[in-house]
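The chain contents come next:
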Amino acid sequence: MFEGYTASEIGAIFAMQGFAGLSLFCVFLLMALGLAIIFGQMQVINMAHGEFLTIGAYSTYLMSVVAEKHAPWLMDYYFFLAIALGFVVAFAIGWLVEFSLIRFLYKRPLDTLLATWGLSLIMQQGFRSMFGAREVSPTLPEWLLGSWQLSDTIEIPINGLLVVGVTAVLTLAVFFLLFRSRWGLKVRATTQNRVMAEAAGINTARVDRNTFALGCGIAGVAGAVFTTIASTGPTSGSLYIVDTFLVVVFGGAASLFGTIASAFSIAQAQSILEFFINGSMAKVITLAIVIGILMLRPEGLFASRVRK
Amino acid sequence: MITLTRRLVGSRSDLAALLVLAAVLLVVMPLTLDIFRLNLVGKYLTYAFVAVGLVLCWGYGGILSLGQGIFFGLGGYCMAMFLKLEASDPVTTAIQSTPGIPDFMDWNQLTELPWFWVPFESFAFTLFAILAVPTLFAFLIGVAMFKRRVTGVYFAIITQSVAAILTILIIGQQGLTGGVNGITDLRTLLGWDIRSDGAKYLLYFLNAALLLACIVAGRYILSGKVGKLLLALKDKEDRVRFSGYDVSNFKIFVFCVAALFSAIGGAMFTLQVGFMSPSFVGIVPSIEMVIFAAVGGRVSLIGAVYGTLLVNYGKTAFSESFPELWLFLMGALFIGVVMAFPDGLAGLIRSERLRRVFGRPPLAAVTRTGALAARDPAPPAASASADAALPHAPTGTDR
């Protein structure tokens, strides 16, 4: 596997593939954060979560088209607006979905899988009808292109840095929201003991709705930054959904730290293996190992709840 | 003897439903449809095997598998490998650089048959493999999951991931599996041309007969102690466990049966359609097959067949004329069935009014309480039906 490479080349390969894995890690993490919070609190899995990523990506695309046409002076900065727009649109749609669909199904988590799968079919076809089946990419601002030459053999793309930066900021924000805010207190109370939380005067239905919408909003941000590393099609989001589910389960539901650790290990393993064997086998091996570990440790790496 | 018949066919109305289904499949369809349409119905009926299996493991056992395509695919691929080897004899493949191996292997610069293809030259082994390979695989998944008490959403996600992995693997290993195109161009079975009209008729009847046999076998399982325990553990797994039963064994058993049925369906699919490809293995087909069972009524073996036929008929009719509309409809179907008709067609038929005529218990008690009831205490109906199924369990003391 390592024949024909010198030590420094291998170092460079690991650094560059590691950085590529970091971008993948960021998409996984932003997707999985939302899912993990939702799953931890309400025990439902949203099969349409990938479509919220797509919503964020298409919002960014629309934003870039509008900026290009009507406000060329905005082109350098529109991307930050697009991230905010991605969050707001995905948050709003997530709120609506919870209100009109999910809240009726909390007692039937398996049925939620089916209903949200139906939702994802509808959303995908909606994207296809609105934006066409062909993949689109927003026009990226100049400063996002190019790369940063670290050494002779190591090059770090700027867009990757942006992805990492946004992810770090957002993860910290979620952390503070959950563990340092009044609202986070309610969320954690509901997650730990719903009945007691209700008895203490927390409106858990409202907490549920906001949590669900927040999770979708984070996926929307994931979609916005996703446009810098890949083009967007109607099914872009659903490509990541299986990996994201595994990230959530592998990390141990409702554990923020576990989600980060599992997203990191899965993304890195996949990305580094990809260099040495072909991409599909890298994915097969990574996912198979994850499932193997899950069979030994079904509660995930960092389980915070007692097995029932 | 009387009890055996009773267990196989159920009550008088169950028998009537079975006879009606048999008449529809074996008499009405062949008489009214031309061979092209009949072949299409035959293809749909192969999915019904999966749906019937899902009724057993999901409707009754409460185990939602989103990876039944794995077993359908494994069964189908086993059959396809045999047929492909028969279709690639050295004479017909003489123009290849290595005659005698399947064409796609030759395109991928393989020079000899991979080891796991070799046993599939024997028809006896192939028949054995169609039944054994998927069942064994289901057994392994089942042991690994159920013995460690993985249930509910976790199990659904893991089966789904396994389906995804298998699809990626099949597509990635083009030289060994035929890749994304699958195994195509299958012609004869033991020298018998499966593409002729006569063969298609025969295969259709064989398929329908096997499906009816699976339904009867399913009913036999459900009418016995296993069936009662499955229903009980779906409602209150812990209580079954506390009564001294090893819950995981029952779950493994029913999951294996569902896999076996799916595998038979897969093999019949290959025979009737003439190819097998990874697009019948992955997440999308797997979850679509769940909706077939849900539309028919997730606790009705016969309903699953009608559900499969209905959804597929709709799919063919709509996707021919309005391909865009179809996905919206399919999505709406998923949501509608779950939200408004959790008991599916069978639930509509056995509704309150008809119940008075036939004197049946409503299905609602079975389906609605089957969910994990994660947040709130289950409605009283749940414990009532668990008690009914478990005479040994103490009643009303678990809360």
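Residues numbered from 1 in each chain as written. Chains lettered and ligands numbered in written order. Predicted model: local features only at pLDDT ≥ 70, side-chain atom pairs only at ≥ 80, totals over all residues. Heavy atoms only, no water.

Caption draft 1: How the structure looks around the overall build of chain A. A tally of helices and strands in chain A yields eleven helices and two strands. What you see in chain A, going N to C, is helices and strands ordered as α-α-α-α-β-β-α-α-α-α-α-α-α. By residue count, 55% of the 308 residues in chain A fall in the buried class. Per element, the accessible surface of chain A, about 12,800 Å² overall, is 67% carbon and sulfur. (Helix = DSSP H or I, 4+ residues; strand = E, 2+ residues; numbered from the N terminus. Buried < 20%, exposed > 50% of the residue type's maximum accessible area, 1.4 Å probe, protein only. Areas by Shrake-Rupley, 256 points an atom, 1.4 Å probe, with all protein chains shown as cover.)

Caption draft 2: Quick look at the overall build of chain B. Scanning chain B for helices and strands turns up 19 helices and two strands. For chain B, buried positions account for 55% of its 399 residues. Long-range pairs, those at least 24 residues apart, make up 77% of the contacts in chain B with a sequence separation of at least 6. For chain B, the exposed area adds up to about 16,700 Å²; of that, 68% sits on carbon and sulfur atoms. (Contact = heavy atoms within 4.5 Å.)

Caption draft 3: Region of interest: the interface of chain B and chain A. On the side of chain A, 45 residues touch chain B, which itself brings 46 residues to the contact. Each partner contributes to the roughly 4,400 Å² buried at the junction of chain B and chain A, and carbon and sulfur atoms together form 76% of this total. Among the salt bridges present, the one from Asp111(A) reaches Arg298(B), with a minimum N-O distance of 3.1 Å. Our count for the contact surface shared by chain B and chain A stands at two residue pairs in polar contact (both at pLDDT 80 or more). Mapped onto the side of chain B that touches chain A, the elements with two or more residues apiece are α6 (123–146), α7 (152–172), α13 (283–296) and α15 (323–339) of chain B. Per-element accounting of the side of chain B that touches chain A gives the leading share, 14 residues, to α7(B). Of the residues contributing to the side of chain B that touches chain A, the split by class is 33 nonpolar, seven polar and six charged. (Buried area = accessible area lost by both parts, 1.4 Å probe. Salt bridge = Lys/Arg side-chain N within 4 Å of Asp/Glu carboxyl O. Polar contact = N/O pair within 3.5 Å; in protein donor to acceptor, adjacent residues only side chain to side chain. Nonpolar A, V, L, I, M, F, W, Y, C, P; charged D, E, K, R; others polar.)

Caption draft 4: Examining the nonpolar core more closely. Core analysis: the largest hydrophobic core is formed by 212 residues, its most contacted members being Tyr78(A), Leu25(B) and Val305(B). Other than its neighbours up to four places away in sequence, Tyr78(A) contacts Thr60(A), Met63(A), Ser64(A), Ala67(A), Pro138(A), Thr139(A), Leu140(A) and Pro141(A). (Core = buried A, V, L, I, M, F, W, Y, C linked by side-chain atoms within 4.5 Å.)

Caption draft 5: View of the packing of helix α3 (residues 35–60) of chain B against helix α14 (residues 301–321) of chain B. Residues and elements named next belong to chain B. Direction vectors running N to C along α3 and α14 enclose 135°, while the axes themselves pass 8 Å from each other. The orientation of α3 with respect to α14, classified from their angle, is oblique. Relative to α14, α3 is oriented so that their crossing is right-handed. Residues Leu40, Val41, Tyr44, Leu45, Tyr47, Ala48, Ala51, Val52, Val55 and Leu56 of α3 lie in contact with α14, whose contacting residues are Leu301, Ala304, Val305, Thr308, Leu309, Asn312, Tyr313 and Thr316. (Axes fitted to C-alpha atoms, helices over the stretch in contact; angles between N-to-C directions. Parallel < 35°, antiparallel > 145°, perpendicular 65-115°, else oblique. Left-handed = near helix turned anticlockwise from the far one by under 90°.)

Caption draft 6: Broad picture of the packing of helix α11 (residues 279–296) of chain A against α7(B). Two elements in contact, α11(A) and α7(B), have axes whose closest approach is 9 Å; the angle formed by their N-to-C orientations is 155°. Here α11(A) lies roughly antiparallel to α7(B), going by the angle between them. Here α11(A) runs over α7(B); the crossing is left-handed. Here α11(A) contributes Ser280(A), Met281(A), Lys283(A), Val284(A), Leu287(A), Ala288(A), Ile291(A) and Leu294(A) to the contact with α7(B), which in turn contributes Ile158(B), Ser161(B), Val162(B), Ile165(B), Ile168(B), Leu169(B) and Gly172(B). For the contact of α11(A) with α7(B), a count of residues per class yields eleven nonpolar, three polar and one charged.

Note that every value here comes from positions in space, so none of it alone points to a role or purpose.
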